[in-house]
Amino acid sequence: MAIVEELKRLYPDALCSLPYPKPYELLFSVRLATQCTDERVNQETPALYARFPTLESLAQADINKVETYIHSTGFSGPKPETL
């Protein structure tokens, strides 16, 4: 959270359109937003974070299941077996 606090100090009037009750959710949401709009990310991530409510559960999730939640953001990559 130190980074977020420093950014708030440097840019006190900035607004973030991506809600993030947990710090790692902001990281994931920002990454998803590189492929689409913040609005699209905000439509898709509530279900993702509800299904995988902890960082550990998301890290242990099957990539195919995660991709079903983020597919419409345009962020789904090659399958691990094709790398």
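Note that the structure is a prediction, hence the values are computed from the model and not measured.

> Give a detailed account of helix α5 (residues 63-70), specifying residues and quantitative values.
Taken together, the buried positions of α5 are Val-66, Glu-67 and Ile-70. Burial along α5 is one-sided: seen end-on, the buried residues are contained in an arc of 100 degrees. Buried-residue contacts for α5 involve α2 (23-33), α3 (38-51) and α4 (55-59). In this structure Asp-62 caps α5, since a side-chain oxygen of it lies 2.8 Å from the backbone nitrogen of Asn-64.

> For the packing of α2 against α3, give the residues involved together with the corresponding values.
Between α2 and α3, the least distance of the axes is 10 Å, while the angle of their chain directions is 135 degrees. Judged by the inter-axis angle, α2 sits oblique to α3. Crossing geometry of α2 relative to α3 is assigned as right-handed. On α3, the residues touching Glu-25, Phe-28, Ser-29, Leu-32 and Ala-33 of α2 are Asp-38, Val-41, Thr-45 and Tyr-49. Class assignment of the residues belonging to the contact of α2 with α3 gives a composition of five nonpolar, two polar and two charged.

The rules behind the values
- Residues numbered from 1 in each chain as written.
- Predicted model: local features only at pLDDT ≥ 70, side-chain atom pairs only at ≥ 80, totals over all residues.
- Heavy atoms only, no water.
- Buried < 20%, exposed > 50% of the residue type's maximum accessible area, 1.4 Å probe, protein only.
- Helix = DSSP H or I, 4+ residues; strand = E, 2+ residues; numbered from the N terminus.
- Arc of directions from axis to C-beta.
- Contact = heavy atoms within 4.5 Å.
- Polar contact = N/O pair within 3.5 Å; in protein donor to acceptor, adjacent residues only side chain to side chain.
- Axes fitted to C-alpha atoms, helices over the stretch in contact; angles between N-to-C directions.
- Parallel < 35°, antiparallel > 145°, perpendicular 65-115°, else oblique.
- Left-handed = near helix turned anticlockwise from the far one by under 90°.
- Nonpolar A, V, L, I, M, F, W, Y, C, P; charged D, E, K, R; others polar.

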